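# Residue-level structure breakdown
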Amino acid sequence: MQWTVRLETRTSAAEVTTTELVTFSRPGVVSTLAEVGLMLAETKSLLAKLQASMLCGQVAAYAAHHRVCAACGALQPLKDRRTRRLQTLFGTVEVEAPRFKVCGCRQSVLLAGVTVSPVCALLIARCTPELERVQAELGARTSFRDAARLLDTLLPASPTNQESVRIRTHAIALQLEAADRQAAAEVMPVPDEPAKAAAADASRPVVMLDGAYIRAVPGHQVRNFEAVCGKIEHEGHPTRRFALVRSVAEQPHALLRAVLQGQGWREGDTVTAISDGDLALPALVRSATGGPVEYILDWFHLSMRVHHVEQVMEGLCALEPPLLVPLDQAWIDVERLRHLLWNGHHEKACEALGPITSWAKEASVLNEPAAEAKFRRLAARCAELRSYIESNEGALIDYGERCRAGKPISTSRAEGTVNQLVNARMNKRQQMRWSLRGAHRVLQVRAAVLDGRFGHPAIQLAA
Ligand SMILES: [Zn+2]
């Protein structure tokens, strides 16, 4: 049996032309399941021919339309015929790009000998925007090599080498960044007083920040470098992710500012930032907004440090035979810490840490060899917690109250973002090493892809 696919083209002038694209053959009676239906190779060749036919027809019509002089309606004389190549998802197509001399009616001294090439004006890039976007999306989701393989397997796209995927991913990242910088530079209308009051009542955008480490390519001064990842939540707006490598991002604050604006933030509105105690992170938010920032220390990181104290204390209580030193009072004091910090009484927590520390120091010299190291560790953990509280004093709040109000108190959701953005694409398991710039750019595209800002509903592969 044979199947022939013909393409019928109908122009706007109602002219119809028919082009034969491909013919597939099979035995009259198939003998295996594998012979049933279209094969991938056949489909690729069909798509490539369909693309070439359609594209050449469109470009020829475009050139013919622009050959007509806009001033007098005469055909401009042909100077020469050249060709241009365009890379598409369905193969590279060579198209005719005729050049015309400027019409005699417009010939002046200035335009003498000038030629025009309308096709070159149309084909401003070497590839279609769709090919660039798909390559970038795949390159952001998986390794450049796998992305190239995937494209090569399924489509007649060309070129399909990993280098082109890398270049296109970087190109899209630059476009995204440029768009962010432009959005950040736009002057926003200053809200009037009633609008300001309404904004103060409404929920604030919450920026949750966290850092992630990426292995650097050899030759860098560092083995690992940090990427700042985050998530912005604001009631009534879809959540936005963002990530950047501070030292190579052209304007890190502009990037964050653009994301905030996209989330409905307006000049002068207070932003809430939650992070782990790295002061550079809230500083980034401050430079992005240029205005008030309510900085909250992440409850999870604080709670972990309390947990360290509790763990050592539990270890002391569980010692066999039981210690001669009475532990009851110390145990009560330790148990209070979490409660005090949760309810915003960090000063009292600091006060409570004093007696525990001095008790642990005294007990460590009471000739209890089994417990000596544990007492020392308890004193050290308490000192750590105390200095953590003191250095983040301004960022400690009544977590219980905020939690009961249904507001976020932790960056745990930002940690999920770190996993999605960085670890799933750049982790050590994949043995990947990154340049700072390369990582930064892939992260721009990846954040856009994961947010669904990339507009490619047809391709929703698992990231
Ligand atoms: Zn003319």
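What you see is a predicted model, and the numbers here were worked out from it, not measured in a lab.

Analysis parameters
Residues numbered from 1 in each chain as written. Predicted model: local features only at pLDDT ≥ 70, side-chain atom pairs only at ≥ 80, totals over all residues. Heavy atoms only, no water. Helix = DSSP H or I, 4+ residues; strand = E, 2+ residues; numbered from the N terminus. Rg over C-alpha atoms; globule rule 2.2 N^0.38 Å. Areas by Shrake-Rupley, 256 points an atom, 1.4 Å probe, with all protein chains shown as cover. Lys, Arg positive; Asp, Glu negative; His and termini not counted. Charge placed at Lys NZ, Arg CZ, Asp CG, Glu CD. Donors = N, O, S within 2.8 Å, 3.2 Å for Na, K, Ca; no water. Tetrahedral: all angles 85-135°; square planar, octahedral: opposite > 155°, others 65-115°. Buried < 20%, exposed > 50% of the residue type's maximum accessible area, 1.4 Å probe, protein only. Patch = residues over 30% accessible without salt bridge, like charges linked within 9 Å, V, L, I, M, F, W, Y side chains within 5 Å. Salt bridge = Lys/Arg side-chain N within 4 Å of Asp/Glu carboxyl O. Phe/Tyr/Trp six-rings, centres within 6.5 Å; stacked < 30°, edge-to-face > 60°. Lys NZ or Arg CZ within 6 Å of the ring centre and 35° of its normal. Pairing = 2+ DSSP bridges. Axes fitted to C-alpha atoms, helices over the stretch in contact; angles between N-to-C directions. Contact = heavy atoms within 4.5 Å. Parallel < 35°, antiparallel > 145°, perpendicular 65-115°, else oblique. Left-handed = near helix turned anticlockwise from the far one by under 90°. Nonpolar A, V, L, I, M, F, W, Y, C, P; charged D, E, K, R; others polar. Polar contact = N/O pair within 3.5 Å; in protein donor to acceptor, adjacent residues only side chain to side chain.

### Re the overall build of the chain
- For the chain, the helix and strand inventory stands at 15 helices and ten strands.
- A compact globule built from 463 residues should have a C-alpha radius of gyration of about 23 Å, whereas the chain, at 32 Å, is more than 25% larger.
- Split by element, the accessible area of the chain, about 24400 Å² in all, is 54% carbon and sulfur.
- A distance of 11 Å separates the average location of the 55 positive side-chain charges in the chain from that of its 49 negative side-chain charges.

### Details of the coordination of the zinc ion
- Within the protein, the atoms that donate to the zinc ion are Cys 69 (SG), Cys 72 (SG), Cys 103 (SG) and Cys 105 (SG), at distances of 2.2 to 2.3 Å.
- Each of the four donor atoms bound to the zinc ion contributes to angles spanning 103 to 114°, and the resulting shape is tetrahedral.
- Here the donor residues of the zinc ion share one chain and are spaced in sequence as C-x2-C-x30-C-x1-C. Note that Cys 72 is positioned in the loop between helix H1 (40–67) and strand E3 (78–88) and Cys 105 in the loop between strand E4 (91–101) and strand E5 (115–116), a separation of 33 residues in sequence.
- Given a relative accessible area of 43%, Cys 72 falls into the partly exposed group.

### Examining a nonpolar patch on the surface
- A grouping of Val 30, Leu 33 and Val 36 is seen on the molecular surface, where their side chains present a nonpolar patch of about 300 Å² in accessible area.
- Relative to the helices and strands, Val 36 resides in the loop between strand E2 (16–25) and H1.

### Regarding the packing of aromatic side chains
- Applying the stated criterion across every chain yields a total of four aromatic pairs.
- Where Trp 299 meets Trp 342, the ring centres are 4.9 Å apart and the plane angle is 70°; that geometry is what we call edge-to-face. Note that Trp 299 is positioned in helix H9 (residues 299–317) and Trp 342 in helix H10 (residues 328–342), a separation of 43 residues in sequence.
- By relative accessible area, which is 24% here, Trp 342 ends up partly exposed.
- Consider the rings of Trp 359 and Phe 375, whose centres lie 5.4 Å apart with planes at 80°: the pair is edge-to-face. Residue Trp 359 is located in helix H11 (residues 346–363), and its partner Phe 375 is located in helix H12 (residues 369–391); the two are separated by 16 residues in the primary sequence.
- Overall, Trp 359 belongs to the buried group, its relative accessible area being 19%.
- Given a relative accessible area of 0%, Phe 375 falls into the buried group.
- Members of the aromatic cluster, joined through ring pairs, are Trp 299, Trp 342 and Tyr 399.
- Positioned over the ring face of Phe 144 is Arg 425, at 5.1 Å from the centre of the ring.

### Section: the sheet that holds strand E7 (residues 224–234)
- Strand order across the open sheet formed by five strands is E8-E7-E6-E9-E10, with mixed pairing between neighbours. Two strands lie at the open edges of the sheet, namely strand E8 (237–244) and strand E10 (293–297), each paired on one side alone. Across the sheet, the axes of successive neighbouring strands diverge by a mean angle of 25°, strand direction being ignored.
- Taken together, the ten bridges between strand E6 (residues 206–215) and E7 define a ladder with antiparallel strand orientation. Across the sheet, the residue bridging to Ile 214 is Phe 225, located in E7.

### Comments concerning the pattern of salt bridges
- Under the defined criterion, the tally for this structure stands at 21 salt bridges.
- Linking Asp 80 and Arg 82 is a salt bridge whose minimum nitrogen-to-oxygen distance equals 3.6 Å.
- A salt bridge links Glu 94 to Arg 85, with the shortest nitrogen-to-oxygen separation between them at 3.3 Å.
- Salt bridges here are not isolated pairs; linked through shared partners, they connect Arg 240, Arg 241, Asp 451 and Arg 453.

### So, the sheet that holds E3
- On the basis of which strands lie adjacent, the open sheet formed by three strands has the order E3-E4-E5 and antiparallel pairing. Two strands bound the open sheet, and with one partner strand each, they are E3 and E5.
- Where E4 lies against E5, two bridges are found, and the strand directions are antiparallel. Paired with Lys 101 across the two strands is Thr 115, which belongs to E5.
- Those strands touched by H1 are E3 and E4, and its axis lies near 15° from that of E4.

### Some remarks on the pairing of E7
- For E7, the tally of buried residues reaches nine of eleven residues, placing the bulk of the element in the interior.
- Of the pairings in the sheet, the one linking E7 to E8 comprises six bridges and is antiparallel in character. Directly across from Ile 232, in E8, lies its bridge partner Arg 240.
- Counting the residues between successive antiparallel strands, the hairpin from E7 to E8 contains two residues, one of them, Gly 236, with a positive phi of roughly 85°.

### Section: the packing of H11 against H12
- At a minimum axis separation of 9 Å, H11 and H12 run at an interaxial angle of 160°. Comparing their axes, H12 and H11 come out roughly antiparallel. Pair H11 / H12 crosses with left-handed handedness. Across the interface between the two elements, His 346, Ala 349, Cys 350, Leu 353, Gly 354, Ile 356, Thr 357, Trp 359, Ala 360, Lys 361 and Ala 363 from H11 touch Phe 375, Leu 378, Ala 379, Cys 382, Leu 385, Arg 386, Ile 389 and Glu 390 from H12.
- Counted by class, the contact of H11 with H12 contains 13 nonpolar, three polar and three charged residues.

### What to know about the environment of His 234
- Looking at the secondary structure, you find His 234 in strand E7.
- By relative accessible area, His 234 is classed as buried at 12%.
- Along the primary structure His 234 and Gly 264 are separated by 30 residues, whereas in three dimensions their C-alpha atoms are 7.7 Å apart.
- Apart from residues lying up to four places away in sequence, His 234 is in contact with Ser 203, Arg 204, Pro 205, Gln 263 and Gly 264.
- Within the structure, His 234 has its side chain in polar contact with the backbone oxygen of Gln 263 (distance 2.7 Å).

### With respect to the pairing of E6
- Among the ten residues that make up E6, seven are buried, leaving the element largely enclosed by the rest of the structure.
- When E6 meets strand E9 (residues 271–275), the two strands line up parallel, connected through three bridges. Following the sheet pairing, Met 208 is matched in E9 by Ile 274.

Shape descriptors only; they carry no functional weight alone.
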